[in-house]
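Examining the three-dimensional arrangement
Now for the letters of each chain:
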Amino acid sequence: MQDLNDMVFFAEVVERGGFAAAGRALGVPKSRLSRRVADLEHSLGVRLLHRTTRKLSLTDVGEQFLKHCLAMREAAQAASQVAAQVQTEPRGTIRITCPVTLAQTGLGVLVPRFMAANPLVRVDMQVTNRVVNLVEEGIDVALRVRPTLEASGSLVIKQLGRSCPKLVASPALLARQGGVPAMPEDLSRLDTVAMSVTEGRTSWRLIDSDGNEHLFVHHPRYVADDLLTVQMAVLAGTGISVLPDYLCRDALQAGTLVQLLPGWRLPEGVVHAVFPSRQGLVPAVRRFLDFLGEHLKGDTFVA
């Protein structure tokens, strides 16, 4: 069996682009690294690296061998982390990004509770609707709500819950514009509020219990690209709109909003966390993801 340390040395040399850089990262003399990699090649009976005075490059065999070395190194790191997490209290800074509305409703309540339970953890949260590049911007966890779990390349996705949007209106609007609609076709007589339009119009897809769909195309009277602003407009009777359940639940219970066409639903949103890798998660980030999994369940935020 090969010396596993030699496989790690080989992987570091390739990733760092040379023996000198790998030696500095590992705290091992360059000459020793070169000798260990040469011994590895000798024991395998194949050449792994092409060496020139200017650079190193992988042979075809070396490229395949590297994949296994990297997998072995990650597995060893994961094994060490399992033991470390048992005895290490979560600490350090977690960098999070979160959509505005989610931060101002559920997450804004949950993060202080998480911090109270983990007093050595700091949180740096960017509240933005912009799609953030986690790797480039040094973000540990991004919270997102999307119609589907998006393709994420090398990122890892953890599903947390679902958001069930509702078609809602104020009683005052309904009284002013002909009463509660009975069918999707009746919606055309009501003013609408939306977050975006294309050439002055937008659409909402309604689905009944049998799976039949109705596409309601309309020209909103009011357009605002912020959910809380849309919520305020609907409460004021400006028009009907689609709001996530967590943003209209209290108003529906209080009677200040009315759900329209309860026999029809809208496509759900998936609340999920995105993070760079399961390997190498520090205890604070892992604890935060577990906490979210416990408190973002179904279509509600668990108190």
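Below is a summary of the structure that appears in this document. (Residues numbered from 1 in each chain as written. Predicted model: local features only at pLDDT ≥ 70, side-chain atom pairs only at ≥ 80, totals over all residues. Heavy atoms only, no water.)

Observations regarding the overall build of the chain
Counting its secondary structure elements, the chain contains 10 helices and 17 strands. Taking 303 residues into account, the globule formula puts the C-alpha radius of gyration at 19 Å, and the chain, at 27 Å, lies well above it. Viewed in the frame of its principal axes, the chain has a C-alpha envelope of about 85 × 45 × 35 Å. Of all intrachain contacts in the chain linking residues separated by at least 6 positions in sequence, the fraction that spans at least 24 positions is 71%. The distance from the centre of the 33 positive side-chain charges to the centre of the 30 negative ones in the chain is 7 Å. (Helix = DSSP H or I, 4+ residues; strand = E, 2+ residues; numbered from the N terminus. Rg over C-alpha atoms; globule rule 2.2 N^0.38 Å. Contact = heavy atoms within 4.5 Å. Lys, Arg positive; Asp, Glu negative; His and termini not counted. Charge placed at Lys NZ, Arg CZ, Asp CG, Glu CD.)

Re the packing of helix 1 (residues 4-16) against helix 2 (residues 19-26)
Running from N to C, helix 1 and helix 2 point in directions that differ by 120°, and their axes come no closer than 8 Å. By the angle between their directions, the pair helix 1 and helix 2 is classed as oblique. Here helix 1 and helix 2 pass one another in a crossing that is right-handed. Only F19, A21, A22, A25 and L26 of helix 2 make contact with helix 1, whose side of the interface consists of F9, E12, V13 and R16. (Axes fitted to C-alpha atoms, helices over the stretch in contact; angles between N-to-C directions. Parallel < 35°, antiparallel > 145°, perpendicular 65-115°, else oblique. Left-handed = near helix turned anticlockwise from the far one by under 90°.)

A short note on the sheet that holds strand 15 (residues 269-275)
Here five strands make up an open sheet; going across it, the order is 4-3-5-15-6 and the pairing mixed. Two strands lie at the open edges of the sheet, namely strand 4 (121-127) and strand 6 (156-163), each paired on one side alone. Neighbouring strand axes in the sheet, compared pairwise and without regard to direction, differ in orientation by 20° on average. Contacts from helix 5 (residues 100-117) reach strand 3 (92-98), strand 4, strand 5 (141-146) and strand 15 within the one sheet, and its direction differs from that of strand 4 by about 175°. (Pairing = 2+ DSSP bridges.)

Considerations on the sheet that holds strand 9 (residues 202-208)
The strand order across the open sheet built from three strands is 10-9-14, with neighbouring strands paired in antiparallel fashion. The outermost strands of the open sheet, each flanked by one partner alone, are strand 10 (213-218) and strand 14 (264-265). Bridge count for strand 9 against strand 14 is two bridges, and the pairing is antiparallel. Following the sheet pairing, D208 is matched in strand 14 by W264.

Here's the deal with the pairing of strand 9
The element strand 9 is largely enclosed, with a buried count of five among its seven residues. Examined bridge by bridge, strand 9 and strand 10 share six bridges and lie antiparallel to one another. Looking at strand 10, one finds that W204 is bridged to F216. Joining the antiparallel neighbours strand 9 and strand 10 is a turn of four residues, in which G211 adopts a positive phi near 90°. (Buried < 20%, exposed > 50% of the residue type's maximum accessible area, 1.4 Å probe, protein only.)

Observations concerning helix 1
Taking 1.5 Å of rise per residue, 13 residues should cover 18 Å, and helix 1 covers 18 Å from first to last C-alpha, within 8% of that figure. Within the span of helix 1, buried status applies to D6, M7, F9, F10, A11, E12 and V13. Positioned one or two residues after helix 1, G17 has a phi angle of 80°, which is positive. (Expected span 1.5 Å × (residues − 1).)

Topic: helix 9 (residues 245-254)
Looking at helix 9, one finds that the buried residues are D245, Y246, L247, C248 and A251. Immediately downstream of helix 9, the backbone of G255 shows phi near 85°, a positive value.

Side note on the environment of L228
Summarising the element assignment, L228 is placed in helix 8 (residues 227-235). Judged by its relative accessible area of 22%, L228 is partly exposed. Separated by 124 residues in the primary sequence, L228 and Q104 have C-alpha atoms spaced 9.1 Å apart. Excluding residues that lie within four positions of it along the chain, L228 makes contacts with T101, Q104 and L247.

Things to note about unusual backbone geometry
Positive phi is not limited to glycine here, since E199 has a value of about 55°. Note on placement: E199 falls in the loop between strand 8 (193-194) and strand 9. A positive phi angle, close to 45°, is found at L261, a residue other than glycine.

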